[in-house]
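# Observations on the model geometry
Chain by chain, the residues run as shown.
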Amino acid sequence: MSKSFHLWRSWNFKVIHGARLILFFSLICLTGCGEMHRPTLVKQKVKISIVPTFSLEMTTKCYKPLLDYLANETGYEIEYMSALDYENYLSTVAGARVEIGYQNPALYLTLKKTCQASPLAIALGSNESKYSRGIIITYQGSEIEKITDLRGQGIGITSERALGGFLSQRALCQREGLNLEREAQLVYFRTQDEILRKVIEKKLKAGFVRQDVVEMETTVWVSGRSPILKIIAYTDSFPNWCFASFDHTPKEVAIRIKEALLKLNPANPKHQEILKTAGISGFAETSEEDFLPVKKLLQELQIAY
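As the structure is a computational prediction, the values presented were derived from the model and not from experiment.

### Observations concerning unusual backbone geometry
- Despite not being glycine, Gln-116 has its phi angle at roughly 50°, a positive value.
- Relative to the helices and strands, Gln-116 resides in the loop between α4 (105–115) and β4 (118–124).
- The backbone phi angle of Lys-202 is positive, close to 60°, even though this residue is not glycine.
- By secondary structure assignment, the location of Lys-202 is in the loop between α7 (192–200) and β8 (206–210).
- Overall, the relative accessible area of 54% leaves Lys-202 in the exposed class.

### A look at the sheet that holds β4
- Taken in spatial order, the 6 strands line up as β2-β1-β3-β10-β4-β11 in an open sheet, and their pairing is mixed. Here the strands that pair on one side only, and so sit at the sheet edges, are β2 (77–80) and β11 (282–284). Strand-to-strand twist in this sheet, taken as the mean axis angle between neighbours without regard to direction, amounts to 25°.
- Examined bridge by bridge, β4 and β11 share 3 bridges and lie antiparallel to one another. Residue pairing across strands places Ile-122 opposite Ala-284, the latter belonging to β11.
- Strands in contact with helix α2 (residues 56–74) are β1 (45–50), β2, β3 (100–103), β10 (242–245) and β11; relative to β2, the strand with the most contacts, it is inclined by about 160°.
- In the packing of helix α9 (residues 251–263) onto the sheet, the strands contacted are β1, β3, β4, β10 and β11, and the crossing angle to β4 comes to about 15°.

### Focus: the confidence of the model for the protein
- With 83% of its residues at a pLDDT of 70 or more, the protein shows a mean pLDDT of 85.
- Confidence drops under pLDDT 50 across residues 1–38; counting only partners more than four residues distant or on other chains, this segment forms 3 contacts.
- In the model, residues 219–226 has pLDDT below 50 throughout and makes 12 contacts with residues more than four positions away in sequence or in other chains.

### Quick notes on the sheet that holds strand β6 (residues 154–157)
- Strand order in the open sheet formed by 5 strands is β7-β6-β8-β5-β9, and the pairing between neighbours is mixed. At either margin of the open sheet sits one strand with a lone partner, and together these are β7 (185–188) and β9 (229–239). On average, adjacent strands in this sheet sit at an angle of 25° to one another, irrespective of strand direction.
- Where β6 meets β7, 4 bridges bridge the pair, whose relative direction is parallel.

### Some words on helix α10 (residues 269–278)
- Taken together, the buried positions of α10 are occupied by His-271, Ile-274, Leu-275 and Ala-278. Along the long axis of α10, the arc covered by the buried residues comes to 95°, so they all point the same way. In α10, the exposed residues that point more than 90 degrees away from the buried face are Pro-269 and Lys-276.
- Looking at the buried positions of α10, the neighbouring elements they touch are α2, α8 (211–216), α9 and β11.
- At the exit of α10 stands Gly-279, carrying a positive phi of roughly 75°.

### Here we look at the nonpolar core
- If you look at the biggest cluster of nonpolar residues, it comprises 91 residues, and the most contacted ones within it are Tyr-102, Ile-136, Leu-150, Ile-155, Phe-208 and Phe-283.
- A per-element tally of this core places α2 first, with 8 residues.
- Contact partners of Ile-136, with chain neighbours within four places excluded, come to Ile-147, Leu-150, Gln-169, Leu-172, Cys-173, Gly-207, Phe-208, Lys-230, Ile-231, Ile-232 and Ala-233.

### Structural notes on helix α11 (residues 292–300)
- Listed in full, the buried residues belonging to α11 are Val-294, Leu-297 and Leu-298. Projected onto a plane normal to the axis of α11, the buried residues spread over an arc of 95° and lie on a single side. Structural note: α11 exposes Lys-296 and Gln-299 on the side pointing more than 90 degrees away from its buried face.
- Summarising the contacts, the buried residues of α11 are in contact with α4, α5 (163–175) and β9.
- Within two residues after α11, Gln-302 carries a phi angle of roughly 55°, on the positive side.

### Some remarks on the packing of helix α3 (residues 86–95) against α4
- Relative to each other, α3 and α4 sit at 30°, their axes nearing to 11 Å. As α3 runs across α4, the sense of the crossing is right-handed. In contact with Tyr-86, Tyr-89, Leu-90 and Val-93 of α3, α4 contributes Leu-107, Thr-110 and Leu-111.
- Here the contact of α3 with α4 is composed, by residue class, of 6 nonpolar, 1 polar and no charged.

### A look at the environment of Gly-156
- Relative to the elements of secondary structure, Gly-156 occurs in strand β6.
- Considering only alpha carbons, one finds Gly-156 and Phe-189, 33 residues apart in sequence, at a separation of 6.7 Å.
- Residues contacting Gly-156, with those up to four places away along its chain left out, are Val-187, Phe-189, Ile-195, Leu-204, Ala-206, Gly-207 and Phe-208.

### Here we look at the packing of α2 against α9
- Direction vectors running N to C along α2 and α9 enclose 120°, while the axes themselves pass 10 Å from each other. Here α2 lies oblique to α9, going by the angle between them. For α2 against α9, the interelement crossing comes out right-handed. Packed against α2, whose contacting residues are Leu-66, Tyr-69, Leu-70, Glu-73 and Thr-74, the element α9 presents Arg-256, Ile-257, Ala-260, Leu-261 and Lys-263 at the interface.
- A breakdown of the residues in the contact of α2 with α9 according to their chemical character gives 6 nonpolar, 1 polar and 3 charged.

Calculation criteria
Residues numbered from 1 in each chain as written. Predicted model: local features only at pLDDT ≥ 70, side-chain atom pairs only at ≥ 80, totals over all residues. Heavy atoms only, no water. Helix = DSSP H or I, 4+ residues; strand = E, 2+ residues; numbered from the N terminus. Buried < 20%, exposed > 50% of the residue type's maximum accessible area, 1.4 Å probe, protein only. Pairing = 2+ DSSP bridges. Axes fitted to C-alpha atoms, helices over the stretch in contact; angles between N-to-C directions. Contact = heavy atoms within 4.5 Å. pLDDT = per-residue confidence, 0-100. Arc of directions from axis to C-beta. Core = buried A, V, L, I, M, F, W, Y, C linked by side-chain atoms within 4.5 Å. Left-handed = near helix turned anticlockwise from the far one by under 90°. Nonpolar A, V, L, I, M, F, W, Y, C, P; charged D, E, K, R; others polar. Parallel < 35°, antiparallel > 145°, perpendicular 65-115°, else oblique.

Set out below in structure tokens:
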């Protein structure tokens, strides 16, 4: 063989061998090195908003365990979207494109029209009922004993949209012949726990709140559980708050959140603590029929929703 043939074969072997080395090291980078630098999977973010019945501090205390549970159970990254007060809740849901809302039935009915809201699960009270009441409170020693004694008095409310904190009490007063807008002074507060404080401190004569707000706020009780608040009236019972999805909520998100809520079991110690902190005993299936009493109330009060 010629010398040139030997040189060509030697060069060709080096090229082929070099190509094999490049392929070998490329495979290492695609496997071993890839394991070291594999990107972290980004969790899907889900925005949830809750009507601010309480101060931000108390809202966090009550609902953070529940939101943490939903994150762990669904695998979503839960982003809590805080509304400043009742009046800003609807705009928060629409403006921030919140996927899941937790609100009273009156607000739900409005959201059903504006955002095609659909109920996912309804909260159960301490008696495992879907229904609860509003109350009218004053402080012990107050001269207010009955509804008609509210004439000329300052009454604390959070919003005229609040079901257990205004609408149900308004209907009760109306049946007793008391026109709140004309014959009483409505004093607005951001949260119902703030109303409790003002009444306790005797800086406010009366307040409209949900019954469970008083039950959850243990500081309204003194030693021996003697109440320092006086309840002068209870409203009719109305559906509890519900979780709902909206027209822009991905179907899979709605399904998984609903399943997680219905999975909460008070017989499970961890679940029981979550529910107790939120002031409820669980969640149940719900339908539009559950909200008929609210529709009737709004019709009685001639309020469009």
